[in-house]
Amino acid sequence: MGIQGLLRNLHPLLVAPPSHSKSQNEDASSSRAGQPPPPHRNKPAVRHNIRQFSGRSLAIDASSWLHKAGYSCAERLVESTESGTRDAVAERTYSKYMINRCDELLNWAGVASIILVFDGIRVPLKSGTNAERESKRKANLSEARRLKAAGKRNEAEEKYRACVKGNDEMARVVAGEVERRYGRDST
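Residues numbered from 1 in each chain as written. Predicted model: local features only at pLDDT ≥ 70, side-chain atom pairs only at ≥ 80, totals over all residues. Heavy atoms only, no water.

Colleague: It is not clear to me how the overall build of the protein chain should be interpreted in this structure. Could you clarify?
Modeller: On a plain count of helices and strands, the protein chain comes out with eight helices and two strands. Mapped in sequence order, the helices and strands of the protein chain form the string α-α-β-α-α-α-β-α-α-α. Of all 187 residues assigned to the protein chain, the portion counted as buried reaches 30%. In the protein chain, of all internal contacts separated by at least 6 residues, the share reaching a separation of at least 24 is 76%. As displayed, the protein chain has an accessible area near 12400 Å², and 52% of this comes from carbon and sulfur atoms. (Helix = DSSP H or I, 4+ residues; strand = E, 2+ residues; numbered from the N terminus. Buried < 20%, exposed > 50% of the residue type's maximum accessible area, 1.4 Å probe, protein only. Contact = heavy atoms within 4.5 Å. Areas by Shrake-Rupley, 256 points an atom, 1.4 Å probe, with all protein chains shown as cover.)

Following this line, the structure appears as structure tokens:
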């Protein structure tokens, strides 16, 4: 999830910037008096800028970032996970993705500090959903291997990406890299 995705997910928690006043929305809709608003006007489009968090601390859903980071090294990550081994290239690749996202917030947006929040243990209530996801992942893995063997690299890569799932080992690797890069805040 990049900056735009982060803002979309934070939208319910944000306060509209001063330039988006209620009267502006009313003026725009009054030109069509008596007509229903167009579909895109049902919800006012409020734009936010990540820089409005400059100098503040943010908690980030690191598991969603980790999942997306896995796309950049999908085949290596999935195959090493399946074989129960670690792939140093994959680890460097997804760690670099995570560090880059942190750098964007800290350096470009001026965020004071970031708290990376990783998923915890699996919730029994979601066991059905998790079983369904695992079944789809296994089917995608079989298809990815078949496509790769047939020389269809691009199609295989798409299927490998569908197999990516963050795990505890990935979270530990990233946490270690983040700690090496930025240190550990014990507050």
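Colleague: I keep staring at empty space enclosed by the protein and nothing clicks. Help me out?
Modeller: Under the criterion given, the structure shown has two cavities of 30 Å³ or more. Empty space within the largest cavity amounts to approximately 50 Å³. Considering the residues around the largest cavity, the lining is formed by Leu77, Val78, Thr81, Arg137, Cys163, Val164 and Lys165. With three residues, the single largest contributor to the lining of the largest cavity is helix H4 (residues 74-83). (1 Å grid on protein atoms, 1.4 Å probe; cavity = no way out; pocket = protein on both sides within 12 Å on 5 of 7 lines; lining within 4 Å. Points joined across faces, edges and corners; volume = space filled by probe spheres on them.)

Colleague: Is there a simple way to explain the packing of aromatic side chains in this structure?
Modeller: Two numbers describe a pair of aromatic rings. These are the distance of the centres and the angle of the planes. Applying the stated criterion to the full structure yields zero aromatic pairs. Arginine 51 extends its terminal NZ or CZ atom over the ring of tryptophan 108, reaching a point 3.9 Å from the ring centre. Across from the ring centre of tyrosine 97, 4.6 Å away, lies the NZ or CZ of arginine 101, which sits over that ring. (Phe/Tyr/Trp six-rings, centres within 6.5 Å; stacked < 30°, edge-to-face > 60°. Lys NZ or Arg CZ within 6 Å of the ring centre and 35° of its normal.)

Colleague: What should I look at first to understand helix H5 (residues 88-108) in this one?
Modeller: Two residues of an α-helix separated by three or four positions point the same way, owing to the 3.6 residues in each turn. With 21 residues, H5 should reach 30 Å at 1.5 Å per residue; the first-to-last C-alpha distance of 29 Å fits that figure. All of the buried residues in H5 are Ala90, Glu91, Tyr94, Ser95, Tyr97, Met98, Ile99, Arg101, Cys102, Asp103 and Leu105. Between a side-chain oxygen at the N-terminus of H5 and the backbone nitrogen of valine 89 the separation is 2.9 Å; the capping residue is aspartate 87. (Expected span 1.5 Å × (residues − 1). Polar contact = N/O pair within 3.5 Å; in protein donor to acceptor, adjacent residues only side chain to side chain.)

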